[in-house]
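The residues making up each chain are set out below.
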Amino acid sequence: MGYTRIDVRPVTGALGAEVSGIRLAEPLDEETFTELRDAWLTYQVVFFRDQELTPEQHVAFAGQFGKFQKPGFVPTLEDHPNIRKQEMDENHKIGSDVTWHTDDTFVEIPSMGSVLYALEVPEAGGDTAWINMHKAFETLSEPMQAFISPMTAIHDISATMGPGILRDYGAEAWQKLRDSTPPVEHPVVRTHRETGRKSLFVNPLLTSSIKGLSEPESRMLLDLLFQHMQQPENMCRFRWRKHSVAFWDNRSTAHKGINDFFPAHRLMHRVAIADTERPR
Ligand code: SIN
């Protein structure tokens, strides 16, 4: 698509684009919305600079792309239940966001997209990195693609996230979450509903095993896939500034916060946009 309402500059050869010529605080007109949606689907994560947003404007921007994902265990703003507050400093340790993941794959319908807004950023560090999971799939050999394509993976919150949630939010929060989120199954390879592209759909934070394989087989295959997806050639990395925004497609990416700034203060607000159907 040729863009006339927005300016789009790719960040790396793998994914990501910086978008300018747009004010997220205002409702998007139809043409600008269409162009932005196209850029988001094409580049999988889009970045904006110098967007001062009130919580209402943040929610209103995300709400143009879908309904909101039900909040999980991350604290939300008192008056804005759809805004998750992600704060790190000497009193709040960075949590599970620092392991590669795709948001919410521990539920049957993981969120479709996320809009992350920076309110306070460290002087150095605290970047976020994303992986193009289409490319991660497409760069596997054809026999490996064929081998994993019919497989199903188990996604389970307890293995890697349990101890952190217990530490940060307490036993009651953990038990509530455990009870409400039993392990779920997702395809190892999913097809994007809108673009038709296939992507690898496993992540080190939440994918615990592959159905039908023995424990060592499952571990070996997952380790191989995790190593493959984490090649720098599949990635982009974003240096945050105050009032920067990142908007990513969870159906085709994985991401992680880079934990190199402790104990500096970093405060982000995130709105998660719900998907309408299970990955397939
Ligand atoms: C997230 O995983 O939701 C946020 C990542 C980050 O804080 O950089």
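Nothing here was measured: the structure is a model prediction, and the numbers come from that model. (Residues numbered from 1 in each chain as written. Predicted model: local features only at pLDDT ≥ 70, side-chain atom pairs only at ≥ 80, totals over all residues. Heavy atoms only, no water.)

Participant: Help me understand the sheet that holds strand β9 (residues 184–187), please; the structure alone is not making it clear to me.
Facilitator: Strand pairing in a sheet takes place through backbone hydrogen bonds and is either antiparallel or parallel in direction. One open sheet accounts for 3 strands, arranged β9-β8-β12; its pairing is antiparallel. Both outer strands of the open sheet, β9 and β12 (207–210), are each paired with one neighbouring strand and no more. For this sheet, the mean inter-axis angle between neighbouring strands, taken without regard to orientation, is 35 degrees. For strand β8 (residues 152–155) and β9, the ladder comprises 4 bridges, and the chain directions are antiparallel. Bridge pairing in β9 places I154 opposite E185. (Pairing = 2+ DSSP bridges. Helix = DSSP H or I, 4+ residues; strand = E, 2+ residues; numbered from the N terminus. Axes fitted to C-alpha atoms, helices over the stretch in contact; angles between N-to-C directions.)

Participant: Even after reading the chapter, I still don't get the domain arrangement of the protein chain, so can you show me in this structure?
Facilitator: How big an interface is tends to be reported as the loss of accessible area on association of its parts. When the domains of the protein chain are assigned, the result is domain 1 (7–132 + 235–273) and domain 2 (134–229). One C-alpha centre belongs to domain 1, the other to domain 2, and the line joining them spans 21 Å. Facing 27 residues of domain 1, the contacting portion of domain 2 comprises 28 residues. Here domain 1 packs against domain 2, burying approximately 2,400 Å² in sum over the two surfaces, 64% of which is carbon and sulfur. Of all residues in domain 1, F73, F106 and R251 give up the largest surface area on contact with domain 2, accounting jointly for 32% of the area buried on that side. Across the pair E194 and R251 runs a salt bridge whose closest N-O atoms are separated by 2.8 Å. (Domains from an automatic or database assignment. Contact = heavy atoms within 4.5 Å. Buried area = accessible area lost by both parts, 1.4 Å probe. Salt bridge = Lys/Arg side-chain N within 4 Å of Asp/Glu carboxyl O.)

Participant: I'm lost on the packing of aromatic side chains in this one. Help?
Facilitator: Here the distance between the centres and the angle between the planes together describe a pair of aromatic rings. Applying the stated criterion across every chain, the model contains 11 aromatic pairs. Where W40 meets F247, the ring centres are 4.7 Å apart and the plane angle is 10 degrees; that geometry is what we call stacked. Here F247 lies in strand β14 (residues 245–249) and W40 lies in helix α1 (residues 30–43), a separation of 207 residues in the sequence. Relative to F61, the ring of F48 has its centre 6.2 Å away and its plane inclined at 75 degrees; by these criteria the two rings are edge-to-face. (Phe/Tyr/Trp six-rings, centres within 6.5 Å; stacked < 30°, edge-to-face > 60°.)

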